[in-house]
Amino acid sequence: MKIFVTHNPKDREMYFHWAMEPLRGLGEVVLNPTDRNLTTPELIEAAAGCDVIVVHRATPFPAAAFDSLPGLIALLRPQLDVRTIDVEAASRNGVLVANAPATFVPSTAEMVLALMLDLARNVSVSTMAYHEGREPETRLGVQLRDSTAGIIGYGAIGEYLAGILVAMGMRVLVNDPYKTVDAPGVEQTGFDALLKESDFVLPLAAATEETEKLIDARALSLMKPTAFLVNCSRGDLVDEEALEEAFQAGRFAALAMDVGRAQDQRPSPHLATLPGVVATPHLGGLTIQAARPQTMSPVEQVQAMLQGRMPPRAVNPKEASRLKANWEGR
């Protein structure tokens, strides 16, 4: 098979390097010829003639790309999120789409905890002052033990994080209309009650039409003026205009975010640069333990295809007519 890897050189070196030699052992590997993420026309041109494309999450794959690559058999994303892939267009063209396992749960939960501690103990604020040659202001911090954490969305990350916070002695509130929560030390409550009672508001719901701008002006108005907001889920959950207004007005105490509406779901620069905001560039799942198995996912999937098996984690296996035709044509 001829395999095209869309990752730019920096991303390829940082967390896709584990897969390069194994992929080369399975077929001819073609690399992104630029030093950046590809536009759709560039992607179509560079991937022409390839059987498989490994597409990084920073590179969307719209219908036009599927329609313009008649030889494409499979599109493999070495991450879980396939929202920027037009799966309907893939199915219409008979192209298999597959993603990677959700290995990032512990790492992302730990990232939430890291940002909670940063805000609670003024770590970044103090560090920046020292770096600028100023003596940091001495500030009282907030102890996590005996404080209240409000987790919005009790999926895998929310559930894992809840266990950590309970073990740390926090009161843990959870809001999720689609889950019945039955875990020691965790209280299920309504959305408004969670916002009113939490010292740390932690959005961890999936990004859907229903959760779009879930944290809006009304939600922000319900938070304590002493509350901290930490977003490590998706920028889609937050109304950024309302967030900026509320933060600038001091309606809540502090803001940390690992995600936003910028490219690759990173924090939006106009929010990240506000004085007092703690922001990181979508680092939640970027640990060796989380990234390596996701990186190796395409290797496993290409091996399966070469052996005449449907790859694991196929999103649209029934519509993968080109892959099936390839098997029949051998």
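Below: a short report on this structure. (Residues numbered from 1 in each chain as written. Predicted model: local features only at pLDDT ≥ 70, side-chain atom pairs only at ≥ 80, totals over all residues. Heavy atoms only, no water.)

### A few points about the sheet that holds strand β10 (residues 228-231)
Heads up, the rule is: Two strands form a pair only when DSSP identifies at least two bridges running between them. Secondary structure elements are defined from DSSP: runs of H or I of at least 4 residues count as helices, runs of E of at least 2 residues count as strands, and each element is numbered from the N terminus. Any two residues whose heavy atoms approach within 4.5 Å at even a single point are treated as in contact. Lines fitted to C-alpha atoms define the axes here, with helix axes fitted over just the stretch in contact, and angles between the N-to-C directions of these axes take values from 0 to 180 degrees.
Strand order in the open sheet formed by seven strands is β8-β7-β6-β9-β10-β11-β12, and the pairing between neighbours is parallel. The open sheet terminates on both sides in strands that have one partner only, identified here as β8 (186-188) and β12 (278-279). In the packing of helix α8 (residues 156-167) onto the sheet, contacts are made with β6 (148-152), β7 (171-175), β8 and β9 (200-203), and the angle to β6 comes to roughly 175 degrees.

### Let's talk about the packing of aromatic side chains
For any pair of aromatic rings, the description consists of the separation of the ring centres together with the inter-plane angle of the planes. Spelled out, the test is: Here a Phe, Tyr or Trp ring, Trp counted by its six-membered ring, pairs with any other such ring whose centre lies within 6.5 Å, and the pair is stacked when the planes are under 30 degrees apart, edge-to-face when over 60, and tilted otherwise. Note on exposure labels: buried denotes an accessible area under 20% of the residue type's maximum, exposed denotes more than 50%, and partly exposed covers the range between, all computed with a 1.4 Å probe on protein chains only.
Scanning all chains against the criterion turns up three aromatic pairs. Between F200 and F228 the ring centres are 5.0 Å apart and the planes differ by 50 degrees, which places this aromatic pair in the tilted class. Here F200, found in strand β9, pairs with F228, found in strand β10; they are 28 residues apart in sequence, far enough to count as distant. In terms of burial, F200 and F228 fall into one category: buried. Ring geometry for F247 and F252: centres 5.8 Å apart, planes at 50 degrees, overall tilted. The exposure class assigned to F252 is buried, which follows from its relative accessible area of 2%.

### Examining the pattern of salt bridges
Under the convention used in this document: A pair is scored as a salt bridge if a Lys or Arg side-chain nitrogen falls within 4 Å of a carboxyl oxygen belonging to Asp or Glu.
The full count for this structure, using the stated rule, is 16 salt bridges. The shortest N-O distance in the salt bridge between R92 and D67 comes to 3.5 Å. Residue R92 is found in helix α5 (residues 87-92), and its partner D67 is found in helix α4 (residues 63-67); the two are separated by 25 residues along the sequence. What you see here is one network of salt bridges that share partners, running through D81, R83, R234 and D236.

### Some details on a nonpolar patch on the surface
Inclusion rule: To count toward a patch, a residue needs a relative accessible area over 30% and no salt bridge; like charges are then connected within 9 Å, while nonpolar side chains (Val, Leu, Ile, Met, Phe, Trp, Tyr) are connected within 5 Å. For the accessible areas, the method is Shrake-Rupley and the probe is 1.4 Å, while residue cover comes only from the protein chains on display.
Side chains of M14, L283 and L286 sit close together on the surface and give an oily, nonpolar patch of about 240 Å² of accessible area. With respect to the element layout, L283 can be found in the loop between β12 and α13 (288-295).

### Here we look at helix α6 (residues 105-121)
In plain terms, the rule: One less than the number of residues in a helix, times 1.5 Å, gives the span that helix is expected to have.
The end-to-end C-alpha distance of α6, which contains 17 residues, comes to 25 Å, matching closely the 24 Å that a straight helix rising 1.5 Å per residue would cover. Extensive coverage of α6 is indicated by the burial of twelve of its 17 residues. All of the buried residues along α6 are V105, S107, T108, A109, M111, V112, L113, L115, M116, D118, L119 and A120. Phi turns positive, to about 60 degrees, at N122, one or two residues after α6.

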